[in-house]
Amino acid sequence: TGDLTYKVLVDGVENMQGSTQAGKATTAEVTTTQGLHDFVVIVINAEGDGDKAEIKNIYVGHDTPKQVKNVKLVQGDATNKLTLTWDAATEGMHNGYVDPTEVKYQVRKMPSGEIVDNAGTSPYTYTVTQEKAEKCFFDVTPYIDDDHKGLPTASNKIMIGKPFEVPYTATFDTNDEVLLFTIEHIGDGNAYWDWDYDYKFMKIYSSTAPKDDWLFTPFIAVEEGSIYKLSFDVRTIGTEKYEVKYGLAPEAAAMTEQLVEDTEVDTDQFATRSVEFTANKTAAIYIGFHANTTNVEKAMNFYLDNIRLEKVGTTAIGCIPATTTDANLRIADGGFYVLDRDTHVSVARIDGTTVLSRTVQAGQHVSLPKGIYIVRTANATQKVVVK
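This write-up is about the structure you can find in this document. This is a predicted model, so every value here is computed, not measured.

Note: strands within a sheet are paired through backbone hydrogen bonds, in either parallel or antiparallel orientation. The strand order E5-E6-E9 describes an open sheet built from 3 strands, whose pairing is antiparallel. The outermost strands of the open sheet, each flanked by one partner alone, are strand E5 (69-75) and strand E9 (124-127). Neighbour-to-neighbour, the strand axes of the sheet open up by a mean angle of 20°, direction not taken into account. Pairing analysis gives 4 bridges linking strand E6 (residues 81-87) to E9, with the strands arranged antiparallel.

Here is the structure:
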């Protein structure tokens, strides 16, 4: 009861004094330096000092903003546009005072380290001007001034520049080449794609857990209607399982086109596997190799090397005018027959490669491998599809 006095200590040193009444809520203004401090309040009456009441590690003054969260980089509507987004910083690194309206954001393009904006705002649009293909990401750093600069937060990585053209080859001979690939690990297993820098191939190992890891190529330009051959070398210790798909982004969720269905392989020497496919649109695609072995007892190592993609033909016939039919030819039985007179016939694949050019006798049948051909005689030109 009655009149009381008090004193406030900052870091153990008396900072100010005041008076109050018992039971009264009291506010005391304390001035000190910027930074972390410990505060003690002692209330005093005629009998002497009361017990200490204290709070520790309180930040005084403008705090440094915390790292930004949810930094995400996505491909824009155009192939040369990237969009970067992040959540604004609203808290201090030491839980001190931060005015969000005072916070600015430095945007730095990586790995070059180039500062592209010192006052960027989310969403931030970046225009790609380079042709060199590389993985790009951005650091976003919140700051108020030079004395209150937060830590950078990195975005995810996206391929930029000009997509690789066909023929494309990956031999994993250098670290720079490996860095263009993307790895996605799914689940809780301990099997990860890794580069063997001594022997120059990709490998994934586990004898105790299933494998569920994707390895994606960098982007490769393909054309709608073109036929491509994908080949690659595989080797195992034990029996492994894999599949191959492609899609428009280097992530499992984007792998929409199946190239190789789940396949078991057991070979202690590198063996070449290949598959042909027709591109369903003109785009930059990513090819994904999915190590998905589930039989742990039979499995151990899976190796991948020498990925190759080449164009082997096209289904397009836009360069061929409306065809007319030579009545002396009959298309049947995986080729054509010459009917009632000897005829000079020229046969070319759709890519222009000539496979036959000679006189075919009446009654003779010419068989052709599966494919699309242009068959010409003196009287007509027609398309032949052998399935």
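That was the structure; now back to the text.
Let's shift gears to the side chain of Thr343. Inspection of the secondary structure puts Thr343 in strand E27 (residues 343-349). Of the residues examined, Thr343 reaches a relative accessible area of 8% and is grouped as buried.

Note that E5 and E6 share 5 bridges and pair antiparallel. Directly across from Lys69, in E6, lies its bridge partner Asp87.

Ranked by size, the top nonpolar core spans 34 residues in total, and within it Leu230, Phe232, Val244, Leu259, Ile287, Ile307 and Leu309 carry the most contacts. Apart from the residues within four sequence positions on either side, Val244 is in contact with Leu230, Phe232, Glu257, Gln258, Leu259, Val260, Ile287, Gly288 and Phe289.

Time to look at empty space enclosed by the protein. One way to see where empty space is left: roll a probe the size of a water molecule over the atoms. Counted by the stated rule, this structure contains 1 cavity of 30 Å³ or more. When its volume is computed, the largest cavity comes out at roughly 30 Å³. If you trace the largest cavity, you find it lined by Lys135, Lys157, Ile158, Met159, Thr182 and Pro250. For the lining of the largest cavity, a count of residues per class yields 3 nonpolar, 1 polar and 2 charged.

The residue Gly288 is located in strand E23 (residues 283-291) in this model. Under the relative-accessibility criterion, Gly288 is labelled buried at 0%. A C-alpha to C-alpha distance of 5.7 Å links Gly288 and Tyr246, two positions 42 residues apart in sequence. Discounting chain neighbours no more than four positions away, the residues touching Gly288 are Trp214, Leu215, Phe216, Glu243, Val244, Lys245 and Met255.

The next point concerns the layout of surface pockets. For the largest pocket, the calculated volume is near 550 Å³. Along the walls of the largest pocket sit 22 residues, with Gln75, Ile158, Met159, Leu248 and Tyr286 positioned nearest its centre. Of all the secondary structure elements, the ones that give two or more residues to the lining of the largest pocket are E5, strand E12 (158-160) and E23. Counting residues per element, the lining of the largest pocket draws most heavily on E12, at 3 residues.

Next up on the list: the pairing of strand E17 (residues 213-216). Judged by which residues are buried, E17 turns out to be covered on both faces: Asp213 and Leu215 on one side and Trp214 and Phe216 on the other are all buried. As paired strands, strand E14 (residues 182-185) and E17 are joined by 4 bridges and run antiparallel to one another. Residue pairing for E17: Glu184 is matched across the bridge by Trp214. Here E17 runs beside E23; their pairing, made up of 4 bridges, is antiparallel. Along E23, the bridge assignment pairs Phe216 with Gly288.

Moving on, we get to the sheet that holds strand E4 (residues 48-60). The 4 strands are arranged E2-E1-E3-E4 in an open sheet whose pairing can be described as antiparallel. Two strands lie at the open edges of the sheet, namely strand E2 (13-21) and E4, each paired on one side alone. Neighbouring strand axes in the sheet, compared pairwise and without regard to direction, differ in orientation by 20° on average. Pairing of strand E1 (residues 3-10) with strand E3 (residues 35-45) involves 6 bridges; the strand directions are antiparallel.

Right, let's get into a nonpolar patch on the surface. The grouping of Tyr205, Ile237 and Met300 at the surface amounts to a nonpolar patch, some 260 Å² of accessible area in total. Within the element layout of this structure, Ile237 appears in strand E19 (residues 226-237). Taking the relative accessible area as the measure of exposure, Ile237 reaches 35% and is therefore partly exposed.

Counted according to the given criterion, the structure contains 11 salt bridges. Where Asp49 meets Lys7, a salt bridge forms, and the shortest distance between an N and an O atom there is 3.6 Å. Here the residue Asp49 occupies a position in strand E4, and Lys7 occupies one in strand E1, the gap between them amounting to 42 residues. For Lys7, a relative accessible area of 19% corresponds to the buried category. One network of salt bridges, with partners in common, ties together Asp326, Asp340 and Arg341.

Analysis parameters
- Residues numbered from 1 in each chain as written.
- Predicted model: local features only at pLDDT ≥ 70, side-chain atom pairs only at ≥ 80, totals over all residues.
- Heavy atoms only, no water.
- Pairing = 2+ DSSP bridges.
- Helix = DSSP H or I, 4+ residues; strand = E, 2+ residues; numbered from the N terminus.
- Axes fitted to C-alpha atoms, helices over the stretch in contact; angles between N-to-C directions.
- Buried < 20%, exposed > 50% of the residue type's maximum accessible area, 1.4 Å probe, protein only.
- Core = buried A, V, L, I, M, F, W, Y, C linked by side-chain atoms within 4.5 Å.
- Contact = heavy atoms within 4.5 Å.
- 1 Å grid on protein atoms, 1.4 Å probe; cavity = no way out; pocket = protein on both sides within 12 Å on 5 of 7 lines; lining within 4 Å.
- Points joined across faces, edges and corners; volume = space filled by probe spheres on them.
- Nonpolar A, V, L, I, M, F, W, Y, C, P; charged D, E, K, R; others polar.
- Patch = residues over 30% accessible without salt bridge, like charges linked within 9 Å, V, L, I, M, F, W, Y side chains within 5 Å.
- Areas by Shrake-Rupley, 256 points an atom, 1.4 Å probe, with all protein chains shown as cover.
- Salt bridge = Lys/Arg side-chain N within 4 Å of Asp/Glu carboxyl O.

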